[in-house]
Each structure stands twice: as C-alpha cells, then as structure tokens.
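Summary of structural features
Given next are the chains, with one letter for each unit.
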Amino acid sequence: QKVFPADQHSAVAIAGAAGPAIQMVRIFQLQLEYYEKIEGRPLSLEGKGNQLSEMLRGNLPAAMQGMAVVPIFAGYDVARGAGRLFQFDVTGGRYEEHDYATSGSGSLHAGTVVKLGFRDDLSEHEALTLATRALWHAADEDSATGGPDPLRGIFPILTSVTADGYRQLSHEEASEVF
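In this text the structure is predicted, and so the values were computed from the model without any measurement. Counting starts from 1 at the beginning of each chain's written sequence and moves along it residue by residue. Only residues with pLDDT of 70 or above have their local features reported here, since the model is predicted, and side-chain atom pairs are shown and tallied only from 80 upward, although totals for entire chains, interfaces and linings are computed over all residues. To obtain the side-chain values, all non-hydrogen atoms of the structure were used and water was disregarded.

This paragraph deals with the pattern of salt bridges. Definition used for salt bridges: Asp or Glu carboxyl oxygen within 4 Å of a side-chain nitrogen of Lys or Arg. A complete count under the given rule lists 13 salt bridges for this structure. Among the salt bridges present, the one from Asp-77 reaches Arg-80, with a minimum N-O distance of 4.0 Å. Only protein chains enter the calculation, and the probe is 1.4 Å; a residue is then buried if its accessible area is under 20% of its type maximum, exposed if over 50%, and partly exposed in between. You can call Asp-77 buried: its relative accessible area is 7%. Here Arg-167 and Glu-173 are joined by a salt bridge, their closest N and O atoms 3.2 Å apart. Take Arg-167: its relative accessible area is 32%, and that puts it in the partly exposed class. On the basis of relative accessibility, which here comes to 31%, the residue Glu-173 falls in the partly exposed class. Ionic contacts of the salt-bridge type, sharing partners, join the residues Glu-46, Asp-77, Arg-80, Arg-84, Arg-94 and Glu-96 into one network.

With that out of the way, let us pick up the side chain of Arg-84. The numbering of helices and of strands both runs from the N terminus, where a helix is a DSSP run of H or I of at least 4 residues and a strand a run of E of at least 2. The topology assignment puts Arg-84 in strand S4 (residues 82-88). Exposure remark for Arg-84: the relative accessible area of 7% places this residue in the buried category. Here Glu-96 takes part through its side chain, which lies 2.8 Å from a polar atom of the side chain of Arg-84. Think of a polar contact as two N or O atoms within 3.5 Å of one another; within protein, one of them needs to be a possible hydrogen donor and the other a possible acceptor, and neighboring residues in sequence only count if both atoms come from side chains.

DSSP bridges decide pairing: two strands pair if at least two such bridges lie between them. Pairing of strand S6 (residues 159-162) with strand S7 (residues 165-168), which is carried by 4 bridges, proceeds in the antiparallel orientation. Paired with Val-161 across the two strands is Tyr-166, which belongs to S7. Here S6 folds back onto S7 in antiparallel fashion, the turn holding 2 residues.

Written as structure tokens, this is what we have:
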C-alpha cells in the first residue's frame, strides 16, 4: 500500500524507504486526529502540509543514511473549496503543485505520461485512468516501481479525495480502471 488517508479530506502517497514512510504516515494520522480532538476542528490543509514537512525534516539524518521518505500530500481544502497538492523533498521542503505530481524511482516515466495526458477538465474516472496508465508505464520501465498484475488479479490501490472526502476504490473498481 502506497496511498493512505491522512484524515477525512486528505491523503498521503509514499515513496522511498517503506518502513520509515509507513511509520511517518501513522504518526501523521495520529497528530491530525489529536489536533482535531484538542482544538475541536481539523487543522487547515496548509497546516497539515507544514506538519508533514516538519516530520520530513526530522527524518533527515535517516535520509542521509539511505532511508529517505518522499511523500506526496493531497487534499480537499474545505476553506478554499478546492483540491490542493503538495510535493516534498528529503529535507522537508514543501512545494505546492497545481496540476499533478509524481514521486519515487519511476516518477520520471510516470510524470511524462501524466504530462502528455493531463487536462484541467479531467473527470474523476479520466484522472484515475491517466494515473493507472502512468503507473503501468513506470512499472514497465523501472523494476522498483510496483504495477498491476492482471494475470493474478493484483492491482495498486486507487484513491480519490474530493469535497465528499477520502475514498479508496474497491478491488473490483480498481480492476475495471486498470
């Protein structure tokens, strides 16, 4: 699993060392839940991005030893009424992207596919189809990128974050998209 819900309206996709990345996501989820319980309201999407950035900064010594974590953070900003997307570097640098983002060893290949197929008016289904096409090509070109295995019925997890919240597609829905 490479995509996790951060909270009701946001998600984190991980690339890099799986163990530290999954641990970071779990702690991030707990921090967001704790903030909401203490403050009585969720942290802003901007604040969530900043929090994740700080966690990456704290992981810098491990990253320098080869245990790098490079997430993508996406969510629906309730205050702005729009989706937002953030990319990070290993030092905790946070960069807001406006159209799409890729990360990991296959990101060059995936990014090229997305760049060629991206339009501002993609439907959810079209966006998921484009993402799966990008993942398929990245996995084909990069042995460290996991892709679909239709013969065994194994498909990467697909998710969507909208004003209605985080949604993970069922296995059947994902197989239809692939």
